[in-house]
Amino acid sequence: DLLRQRGCTLVRAFCKEDDCQRAAAKTLAVFLNMQAKYQENLGAASALRAYCSRIAIAEQSRLNALSLEYINEEERKQVAAQRQGLPATADLSSFARLKLESEDNRLQIESKDRQLRSLLVQLTGVDYESEQVCQEFLQVPFESLDCERLKQHALVLRQDLQAWQHLACQVNEESAPIFAQVFSTISGGWGLPLPKVAPFKAVFGKPDYTCLVADLRREMNLTIKINRRWIEQAVSERCESLKVAYQRMELAQRVIESWERRVEQLEALENSGQSAAVELATARSELLK
């Protein structure tokens, strides 16, 4: 909104100037609007990540509650057995520790959900509690990645890069003085205002801005080159991160299968009269994690 408002301010500021100055101001407004669009895309991506994360957190909360139910169930069995005079086969304090761990998980889950809820309010203006809506099922499909194609896709669609390319194409002797007056170059993360532009060598009574045009074009072309390199690097890093995430999902599935086998073994022991209450409660908790 601020970028778009600045674009409107520029257009109004030069509305009474000559055609060349008005055209330069409109070009800068287009540049700022394209940068605003890029910021909107960043916000949309952040909102989507936050939304999907809340779905995952809702599932985590359900599993944590289920884990606590299992712990309480095994604890009740042990307490009932001891009241009937049967020898203790489990340390009841171990159930208390498992419940404390479950409570700690619950607090962490709720804290993450509050943070994501606040972020979604800021990004979308929509505020809701997870319990108020029907949660979707979060399913992550495995997809092969063509990183080079994705790089080209990003270079074509990224609005911030398009904004610089558009601006660089509009640099001429009429627009350069306006760009130099209102435009701060970005170098190394610092805003470096250009010095006040004074008329250069006059040719037939007209100021000569040839050098200024050449300098601005070199600077903007360098900015475009750096941005393209950053975009390609960012896409490469995201592709590698996603490949690692797929690998970690496969490992997690193998860990789940291992705990499922352990739970089955302990349940078989319990059914045969051999008490393994604490081990079973712990295994179920680890499986749900």
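Further up the page is the structure itself.
The paragraphs below set out a description of the structure included in this document. (Residues numbered from 1 in each chain as written. Predicted model: local features only at pLDDT ≥ 70, side-chain atom pairs only at ≥ 80, totals over all residues. Heavy atoms only, no water.)

**Description of the overall build of the protein chain**
Within the protein chain, the regular secondary structure consists of 8 helices and 4 strands. Seen in sequence order, the protein chain has helices and strands lined up from the N terminus as α-α-α-α-α-α-β-β-β-β-α-α. Here the protein chain holds 289 residues, and the buried ones make up 28% of them. For the protein chain, the proportion of contacts with a sequence separation of at least 24, taken over those separated by at least 6, is 72%. (Helix = DSSP H or I, 4+ residues; strand = E, 2+ residues; numbered from the N terminus. Buried < 20%, exposed > 50% of the residue type's maximum accessible area, 1.4 Å probe, protein only. Contact = heavy atoms within 4.5 Å.)

**Description of helix α3 (residues 92-124)**
For α3, built from 33 residues, the straight-helix expectation of 48 Å at 1.5 Å per residue is met to within 8% by its first-to-last C-alpha distance of 48 Å. Along α3, the residues that are buried comprise Ser94, Phe95, Leu98, Ser102, Ile109, Asp113, Leu116 and Leu120. Packed against the buried residues of α3 are α2 (19-83) and α8 (277-288). Looking at the residues trailing α3, positive phi occurs at Gly125, about 75°. (Expected span 1.5 Å × (residues − 1).)

**Some thoughts on the nonpolar core**
One recurring pattern in soluble globular proteins is that nonpolar side chains are buried together. Phe179 and Met220 are the most contacted members of the largest nonpolar core, which totals 30 residues. Among the secondary structure elements, those contributing two or more residues to this core are α2, α4 (147-157), α5 (159-169), α6 (176-182) and α7 (210-271). For this core, the element with the highest residue contribution is α7, accounting for 8 residues. (Core = buried A, V, L, I, M, F, W, Y, C linked by side-chain atoms within 4.5 Å.)

**Overview of the packing of α2 against α5**
The contact between α2 and α5 brings their axes to 8 Å, and the two run at 170°. Between α2 and α5, the crossing angle belongs to the class labelled roughly antiparallel. Taken together, the residues of α5 that come into contact with α2 (itself represented by Thr27, Leu28, Val30, Phe31, Met34, Gln35, Lys37, Tyr38 and Asn41) are Gln159, Asp160, Gln162, Ala163, Trp164, His166 and Leu167. For the contact of α2 with α5, the class distribution of residues is 8 nonpolar, 6 polar and 2 charged. (Axes fitted to C-alpha atoms, helices over the stretch in contact; angles between N-to-C directions. Parallel < 35°, antiparallel > 145°, perpendicular 65-115°, else oblique. Nonpolar A, V, L, I, M, F, W, Y, C, P; charged D, E, K, R; others polar.)

**Structural notes on a nonpolar patch on the surface**
Judged by side-chain polarity, Leu138, Val140, Phe142 and Met249 come together as a nonpolar surface patch covering roughly 330 Å² of accessible area. Secondary-structure assignment places Leu138 in the loop between α3 and α4. Using a relative accessible area of 37% as the deciding quantity, one classes Leu138 as partly exposed. (Patch = residues over 30% accessible without salt bridge, like charges linked within 9 Å, V, L, I, M, F, W, Y side chains within 5 Å. Areas by Shrake-Rupley, 256 points an atom, 1.4 Å probe, with all protein chains shown as cover. Salt bridge = Lys/Arg side-chain N within 4 Å of Asp/Glu carboxyl O.)

**Examining the side chain of Ser175**
Its location among the elements puts Ser175 in the loop between α5 and α6. From its side chain, Ser175 meets the backbone oxygen of Gln170 in a polar contact 2.7 Å long. With sequence-adjacent residues up to four places away left out, Ser175 is seen in contact with Ala24 and Gln170. (Polar contact = N/O pair within 3.5 Å; in protein donor to acceptor, adjacent residues only side chain to side chain.)

**Describing the pattern of salt bridges**
Opposite charge on two side chains permits them to pair, given that their charged atoms come into close proximity. For the coordinates displayed, the defined rule picks out 21 salt bridges. Where Glu74 meets Lys77, a salt bridge forms, and the shortest distance between an N and an O atom there is 3.7 Å. Taken together, the residues Glu74 and Lys77, both in helix α2 and 3 residues apart, mark about one turn of the helix. With relative accessibility at 36%, the residue Lys77 sits in the partly exposed group. One continuous salt-bridge network, built from bridges that share partners, spans Glu73, Glu74, Lys77, Glu267, Glu270 and Arg284.

**Let's talk about the layout of surface pockets**
Roughly 280 Å³ of internal volume is contained in the second largest pocket. Going through the elements one at a time, α2 and α3 are the ones with two or more residues in the lining of the second largest pocket. Considering every element that reaches the lining of the second largest pocket, the biggest residue donor is α3, with 6 residues. Here the lining of the second largest pocket is built from residues that sort into 3 nonpolar, 3 polar and 8 charged. (1 Å grid on protein atoms, 1.4 Å probe; cavity = no way out; pocket = protein on both sides within 12 Å on 5 of 7 lines; lining within 4 Å. Points joined across faces, edges and corners; volume = space filled by probe spheres on them.)

**Let's talk about the environment of Ala23**
For Ala23, the location among the structural elements is in helix α2. For the pair Ala23 and Glu174, spaced 151 residues apart in sequence, the C-alpha separation works out to 9.0 Å.

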